[in-house]
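Secondary and tertiary structure notes
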Amino acid sequence: SAVISQKPSRDICQRGTSLTIQCQVDSQVTMMFWYRQQPGQSLTLIATANQGSEATYESGFVIDKFPISRPNLTFSTLTVSNMSPEDSSIYLCSVNEGSANEKLFFGSGTQLSVL
Amino acid sequence: GESVGLHLPTLSVQEGDNSIINCAYSNSASDYFIWYKQESGKGPQFIIDIRSNMDKRQGQRVTVLLNKTVKHLSLQIAATQPGDSAVYFCAENPRKTGGTSYGKLTFGQGTILTVHP
């Protein structure tokens, strides 16, 4: 499977600031997905990032709060803007593989704490 | 709304025992299911998957069973080891009108598996 690297692995931020999370994949992939995992919770899809087009956001997530870049087929960034303590979560980058792109693989995540 | 849920949030077993983790799903149109293992501080790790045209699939020490009649999914781990201790998530791919959107998974609540030596 693809090797997915995320940076930073963790950060502690002040409310009102923004953090950009980077995701690097060791092979070219068409779609990259950003998920959020709130403390003690399951995973929720934030958006799908396609190279060359604007990201597609899920219900409850908006571009102004979570702007995404996808400059090429191996890299994406997710920014968490104007952070509040409620944004404290693990943010996970993922890519799909398999004969029908059905398997979803995840990076190690970014643990974000907002004070 | 549609959701994937788990019957048991925690499961404690002795090393060497077999473990069974259960998951109920509500979307009868889902055609693909995955089990993930998540260790502390790490991202979810793919364990095994199954398509809706199958009712059983085996891997190394793991078996996934799918019962579409009652919309139930289970993960069986044979000879459970302390290294199996983690949170286990089931996930489904709900089929969208006009095609399947792989990658946009709906995750269940998660079950904490603790293996005692």
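Up top is the structure these notes are about.
The structure presented is a predicted model; accordingly, all values stated were derived computationally and were not measured. Each chain has its residues counted from 1, following the order in which its sequence is written. In the order they appear in the text, chains get letters beginning with A and ligands get numbers beginning with 1. It should be noted that, the model being predicted, local features are given only for residues of pLDDT at least 70 and side-chain atom pairs only at 80 or more, the latter also being counted only at that level, while totals for whole chains, interfaces and linings use all residues. Hydrogens are left out, water is left out, and the side-chain values use all remaining heavy atoms of the structure.

Examining the side chain of serine 30 of chain B
Here a strand is any run of E in DSSP of at least two residues, a helix any run of H or I of at least four, and the numbering for each starts at the N terminus. Tracing the sequence through the fold places serine 30 of chain B in the loop between strand E3 (19-25) and strand E4 (32-38). Polar side-chain contacts of serine 30 of chain B include one of 2.3 Å to the side chain of glutamate 92 of chain B. Each polar contact in these results corresponds to two N or O atoms within 3.5 Å; when the atoms are within protein, one needs to be able to donate a hydrogen and the other to accept it, and residues that are neighboring in sequence are counted only if both atoms are side-chain atoms.

Here's the deal with unusual backbone geometry
The peptide bond linking lysine 7 of chain A to proline 8 of chain A adopts the cis configuration, its omega dihedral lying at -10°. With respect to the helices and strands, proline 8 of chain A occurs in the loop between strand E1 (4-7) and strand E2 (10-13). The backbone of arginine 61 of chain B sits at a positive phi, close to 65°, despite the residue not being glycine. Its place among the elements puts arginine 61 of chain B in the loop between strand E6 (56-58) and strand E7 (62-67). For alanine 79 of chain B, which is not glycine, the phi torsion reads 45° and is therefore positive.

Observations concerning the interface of chain B and chain A
Counting from both sides, the interface comprises 19 residues of chain B and, opposite them, 22 residues of chain A. Summed over both partners, buried area is the accessible surface (1.4 Å probe) that two parts give up on being assembled. In total, chain B and chain A occlude about 1500 Å² of area from one another, counting both sides; carbon and sulfur atoms represent 58% of this. Each reported salt bridge corresponds to a side-chain nitrogen of Lys or Arg within 4 Å of a carboxyl oxygen of Asp or Glu. Our count for the chain B to chain A interface comes out at two salt bridges. Between glutamate 58 of chain A and lysine 104 of chain B there is a salt bridge, with its nearest N and O atoms 3.2 Å apart. Linking chain B to chain A there are seven residue pairs in polar contact (both at pLDDT 80 or more). At the level of elements, E4 and strand E5 (45-51) of chain B are the ones that each hand at least two residues to the side of chain B that touches chain A. When residues of the side of chain B that touches chain A are assigned to their parent elements, the largest contribution, four residues, is made by E4 of chain B. Contacts are assigned to residue pairs that have any heavy atoms within 4.5 Å of one another.

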